[in-house]
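Chain residues, written in single-letter form:
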Amino acid sequence: MYSQRDHQEEKKTSGRQVCCYEEKRDSLRVALAGYARNDVMVAFSGGVDSALLLRMAVEAAQKQGSRVYAVTMQTRLHPLGEIREAEALAAEIGAEHVVIPVDELEDAGIGNNPEDRCYRCKKYLFLRILKKADERKAVVVLEGTNEDDLHVYRPGIRAIRELGIKSPLADAGMTKEEVRRLAAEYNMAVASKPAVPCLATRFPYGTELTCDKLKRVGEGEAFLTSLGLRNVRLRVHDTIARIEVDAEEFPVIIGYRDKIINVLNELGYSYVTLDLAGFRSGSMDIGLDQKQ
């Protein structure tokens, strides 16, 4: 299994001592220039990590006459609106956009939300991407894992390593904050876009996942976001909806208390709670073995 210790050892043995932001940025540009000697495919969700990676890959490819494909997976685990946003952003950046429809619940073995869900899902998705890359004669597939992702529970990273997918941001040591900084330097609107992980992360491990459950939690989060909240997670425990937002936005929840209760009750959640610990990425992973 690929772990954070393995990652650190790779850095030591490769002789790279990337430290400051400018060195990381330059290292990233050099790496992408190397990849862009041939046609490349970028796994593109439309978030800031993959968007920055795509922007820089296109920049490198334009200098060398190669092509860049942005491939987005149309899945049941992400809101449909993200496809439209990704398509528009890929066109703006100048990459050819490719959409691959998939059904992970049916085909990736994650219907009961197992603890290694992310590993199974990533392996399934990237096998599909590799097949598409082969069809388009793209020599390498890139994806947007960053340095911070290597320090938290991300079992999908193991699948990425096993399949030989390249992670230029992580390899350059770029943290999420540095990714946002560089995206802002490129004047990218997504520089401040909040992360939107797959909807399966809203449910405890071992919970049966269905299209209806995913649809309802997606609608609930979309409603909460419409209230002006930035970081929002609607964690679902059977009929309990646990709302996570940044602590400074608690007053917004209280101000819309009755409306929130009514909407979430209509979506089938009998009990509506506000998590006093606030927004926490990966809060459903608490207590798990964090090896990846």
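Further up the page is the structure itself.
Please read these numbers as outputs of a predicted model, since none were measured by experiment.

Asker: Would you mind going over unusual backbone geometry with me for this structure?
Answerer: Excluding glycine, most residues fall at negative phi; most peptide bonds, likewise, are trans. Located in the positive-phi region is Asn 113, a residue other than glycine, with phi close to 50 degrees. Of note, Asn 113 is situated in the loop between α5 (104–107) and α6 (117–135). Given the relative accessible area of 0%, Asn 113 is considered buried. Within the chain, Lys 137 stands out as a residue other than glycine whose phi angle is a positive 65 degrees. Its place among the elements puts Lys 137 in the loop between α6 and β4 (140–142).

Asker: How do you make sense of the side chain of Arg 25 when you look at a structure like this?
Answerer: Checked against the element boundaries, Arg 25 lands in helix α2 (residues 21–35). Take Arg 25: its relative accessible area is 18%, and that puts it in the buried class.

Asker: I tried to follow the sheet that holds strand β3 (residues 96–101) on my own but got confused; where do I start?
Answerer: Hydrogen bonds between backbone atoms are what pair the strands of a sheet, whose relative direction is either parallel or antiparallel. Spatial ordering of the open sheet is given by β3-β2-β1-β4, a layout of four strands whose pairing is parallel. If you trace the sheet from one side to the other, it starts and ends with β3 and β4, each paired once. Ignoring which end each strand starts from, the neighbouring axes of this sheet average 30 degrees apart.

Asker: Just to check I follow, could you spell out the sheet that holds strand β5 (residues 232–237) for this structure?
Answerer: The three strands are arranged β5-β6-β7 in an open sheet whose pairing can be described as mixed. Every other strand in the sheet has two partners, leaving β5 and β7 (271–274) as the edge strands with one partner each. Neighbour to neighbour, the strand axes of the sheet diverge by 25 degrees on average, direction disregarded. As judged from the four bridges shared by strand β6 (residues 240–245) and β7, these two strands associate in the parallel manner. Across the sheet, Arg 242 pairs through a bridge with Thr 273, a residue of β7. Seen against the sheet, helix α10 (residues 211–226) touches β5 and β6 and runs at an angle of roughly 145 degrees to β5. This element, helix α12 (residues 257–266), spans β5, β6 and β7 of the sheet and lies at about 135 degrees to β7.

Criteria and thresholds
- Residues numbered from 1 in each chain as written.
- Predicted model: local features only at pLDDT ≥ 70, side-chain atom pairs only at ≥ 80, totals over all residues.
- Heavy atoms only, no water.
- Helix = DSSP H or I, 4+ residues; strand = E, 2+ residues; numbered from the N terminus.
- Buried < 20%, exposed > 50% of the residue type's maximum accessible area, 1.4 Å probe, protein only.
- Pairing = 2+ DSSP bridges.
- Axes fitted to C-alpha atoms, helices over the stretch in contact; angles between N-to-C directions.
- Contact = heavy atoms within 4.5 Å.

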